[in-house]
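# Structural description and commentary
Listed here are the chains, written in short residue letters.
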Amino acid sequence: MLRAALLLSLAGPTSAQERVLDMDLVERCATVQIGAAECPALDLAESLGLLSGTEMRPFGNAGMESFAMLTALRYAASALFFREEGDGCVAEEERTAAIEIWSLWVRLPDNAPGPIASRFGTYDGIMSQIVDLDLAC
């Protein structure tokens, strides 16, 4: 019986518990302070963690390092999660990784199409706030 319960717990979320990327939240969080009522940090962390190659592919098609973008945003999600869990030292490590990857590898090309530039602005707004996160280690 215990084994069956364990297997069911590993099966993953049911459709009622399915997590969904909330791009409206991500866009909102790019312009309001992370942690404000309009931008709950854990909800943002979850949405950033749900980003996939599908969302980043247009950036790669525009000549950007889309994998670096995805990796940096996932580190940012992790930093937010650990910060909210009260583990500022781990959050700082994750934040540092996010910032280093973003600053070294992510650049918007001068000739980027408008929709790419706009979506990049959203992610860049999130990353600007990640740089300024107040972390206690």
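Let us look at the structure shown here. (Residues numbered from 1 in each chain as written. Predicted model: local features only at pLDDT ≥ 70, side-chain atom pairs only at ≥ 80, totals over all residues. Heavy atoms only, no water.)

### Some remarks on a negative patch on the surface
A cluster of acidic side chains, namely Asp22, Asp24, Asp43 and Glu46, defines a negative patch on the protein surface. If you trace the backbone, aspartate 24 turns up in helix H2 (residues 23-29). Take aspartate 24: its relative accessible area is 54%, and that puts it in the exposed class. (Patch = residues over 30% accessible without salt bridge, like charges linked within 9 Å, V, L, I, M, F, W, Y side chains within 5 Å. Areas by Shrake-Rupley, 256 points an atom, 1.4 Å probe, with all protein chains shown as cover. Salt bridge = Lys/Arg side-chain N within 4 Å of Asp/Glu carboxyl O. Lys, Arg positive; Asp, Glu negative; His and termini not counted. Charge placed at Lys NZ, Arg CZ, Asp CG, Glu CD. Helix = DSSP H or I, 4+ residues; strand = E, 2+ residues; numbered from the N terminus. Buried < 20%, exposed > 50% of the residue type's maximum accessible area, 1.4 Å probe, protein only.)

### A closer look at the side chain of serine 47
In this structure, serine 47 sits in helix H3 (residues 41-49). When neighbours within four sequence positions are excluded, serine 47 is seen to be in contact with Val20, Leu21, Asp22, Leu25 and Val26. (Contact = heavy atoms within 4.5 Å.)

### Observations regarding the packing of helix H5 (residues 66-84) against helix H6 (residues 88-105)
Across the interface, H5 lies against H6 with an axial gap of 8 Å and an inter-helix angle of 160°. Classified by the angle their axes make, H5 and H6 are roughly antiparallel. As H5 runs across H6, the sense of the crossing is left-handed. Contact residues: H5 offers Ala68, Met69, Thr71, Ala72, Leu73, Tyr75, Ala76, Ser78, Ala79, Phe82 and Arg83, while H6 offers Gly88, Val90, Ala91, Glu94, Arg95, Ala97, Ala98, Ile101, Trp102 and Trp105. (Axes fitted to C-alpha atoms, helices over the stretch in contact; angles between N-to-C directions. Parallel < 35°, antiparallel > 145°, perpendicular 65-115°, else oblique. Left-handed = near helix turned anticlockwise from the far one by under 90°.)

### A closer look at the packing of aromatic side chains
The final tally for this structure, using the stated rule, is three aromatic pairs. Both rings, one in phenylalanine 81 and one in phenylalanine 82, keep their centres 5.4 Å apart while their planes meet at 75°; by these two values the pair is edge-to-face. When its relative accessible area of 38% is taken as the criterion, phenylalanine 81 is described as partly exposed. Residue phenylalanine 82 is classed as partly exposed on the basis of its relative accessible area, which comes to 26%. (Phe/Tyr/Trp six-rings, centres within 6.5 Å; stacked < 30°, edge-to-face > 60°.)

### Focus on the state of the cysteines
Tallying each qualifying case throughout the model produces one disulfide. Disulfide partner of cysteine 29: cysteine 39, at an S-S distance of 1.9 Å. Taking the sign of the S-S torsion, about 115° here, the bridge from cysteine 29 to cysteine 39 comes out right-handed. A residue pair is termed long-range when its members are at least 10 positions apart, and cysteine 29 in helix H2 and cysteine 39 in the loop between H2 and H3 qualify at ten residues. (Disulfide = S-S within 2.5 Å.)

### Description of the environment of phenylalanine 82
Its place among the elements puts phenylalanine 82 in helix H5. Remark: the alpha-carbon pair of phenylalanine 82 and leucine 42, spanning 40 residues in sequence, is separated by 9.4 Å. Setting aside chain neighbours within four positions, we find phenylalanine 82 in contact with Asp87, Gly88, Val90, Ala91 and Glu94.

### Quick look at the environment of glycine 88
By secondary structure assignment, the location of glycine 88 is in helix H6. Separated by 49 residues in the primary sequence, glycine 88 and cysteine 137 place their C-alpha atoms 4.7 Å from one another. Once residues within four sequence positions are removed from consideration, glycine 88 is found in contact with Phe82, Leu135, Ala136 and Cys137.

### Some thoughts on H5
Given a rise of 1.5 Å per residue, 19 residues ought to cover 27 Å, and the 27 Å separating the end C-alpha atoms of H5 matches this to within 8%. Every buried residue of H5 is accounted for by Ser66, Ala68, Met69, Leu70, Thr71, Ala72, Leu73, Ala76, Ala77, Ser78, Ala79 and Leu80. Of the surrounding elements, those touching the buried residues of H5 are H3, helix H4 (53-61), H6 and helix H7 (114-131). In the segment just after H5, glycine 86 is the residue with positive phi, at about 85°. (Expected span 1.5 Å × (residues − 1).)

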